[in-house]
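# Residue-level structure breakdown
Take a look at the letters that make up each chain.
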Amino acid sequence: QVQLVESGGGSVQAGGSLSLSCAASGTIFRGNVMGWYRQPPGKQRELVALITSGGSTNYVDSVKGRFTISRDNAKDTVYLQMNSLKPDDTAVYYCNANAVTWMVSSPMASWGKGTLVTVSS
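Figured I'd write up the structure that's included with this text. Note that the structure is a prediction, hence the values are computed from the model and not measured. (Residues numbered from 1 in each chain as written. Predicted model: local features only at pLDDT ≥ 70, side-chain atom pairs only at ≥ 80, totals over all residues. Heavy atoms only, no water.)

## Notes on the overall build of the protein
Counting secondary structure elements, the protein contains one helix and ten strands. Listing every helix and strand of the protein by position from the N terminus yields β-β-β-α-β-β-β-β-β-β-β. Expressed along its principal axes, the backbone C-alpha trace of the protein runs to roughly 40 × 30 × 25 Å. Looking at the protein as shown, the accessible area adds up to about 6,000 Å², and 47% of this sits on carbon and sulfur atoms. Of the charged side chains in the protein, 10 are positive and 7 negative, and the gap between their average positions amounts to 1 Å. (Helix = DSSP H or I, 4+ residues; strand = E, 2+ residues; numbered from the N terminus. Areas by Shrake-Rupley, 256 points an atom, 1.4 Å probe, with all protein chains shown as cover. Lys, Arg positive; Asp, Glu negative; His and termini not counted. Charge placed at Lys NZ, Arg CZ, Asp CG, Glu CD.)

## Details of the environment of Ser 121
The residue Ser 121 is located in the segment after strand 10 (115–120) in this model. Classification of Ser 121 by relative accessible area gives exposed; the value is 84%. Residues Ser 121 and Gly 65, 56 residues apart in the sequence, show an inter-C-alpha distance of 20 Å. Residues within four places of Ser 121 in sequence aside, it is in contact with Ala 14 and Pro 87. (Buried < 20%, exposed > 50% of the residue type's maximum accessible area, 1.4 Å probe, protein only. Contact = heavy atoms within 4.5 Å.)

## Section: the pattern of salt bridges
This structure, assessed with the given rule, holds five salt bridges. Across the pair Asp 89 and Arg 38 runs a salt bridge, and its minimum N-O distance is 2.9 Å. Here the residue Asp 89 occupies a position in the loop between strand 8 (77–82) and strand 9 (91–98), and Arg 38 occupies one in strand 4 (residues 33–39), the gap between them amounting to 51 residues. The same class applies to Asp 89 as to Arg 38, namely buried. Across the salt bridge formed by Asp 89 and Arg 66, the nearest N and O atoms sit 2.8 Å from each other. Placement of the pair is Asp 89 in the loop between strand 8 and strand 9 and Arg 66 in the loop between strand 6 (57–59) and strand 7 (67–72), with a sequence separation of 23 residues. Note on accessibility: Asp 89 and Arg 66 belong to one class, buried. (Salt bridge = Lys/Arg side-chain N within 4 Å of Asp/Glu carboxyl O.)

Keep in mind that these numbers describe shape and distance, not what the molecule does.
Below, the structure written as structure tokens:
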């Protein structure tokens, strides 16, 4: 059973924007903190942004002011709006529920396939 489906990735030039979506199963989404994570080529996966069920958000410093996480609780979907993209943002992006509300990676479910974001200079 597929539980997390990410979409919206693509190739853009530096300074461009992309909007990612993640459709989650209700058992993962409802009432949980949801997060976006990314794994750059050859590097470990890192937590990028979190949003609580009530809408409070938190971000890693490198994306503050450029990325916005949001969620639609009626659709069990979490979004990531990415603006002013940089080549360092190139990565496969994943979503997952996170066990804690602070910026520590603690994924709760099996990973989806992710969506690739490529930013060229």
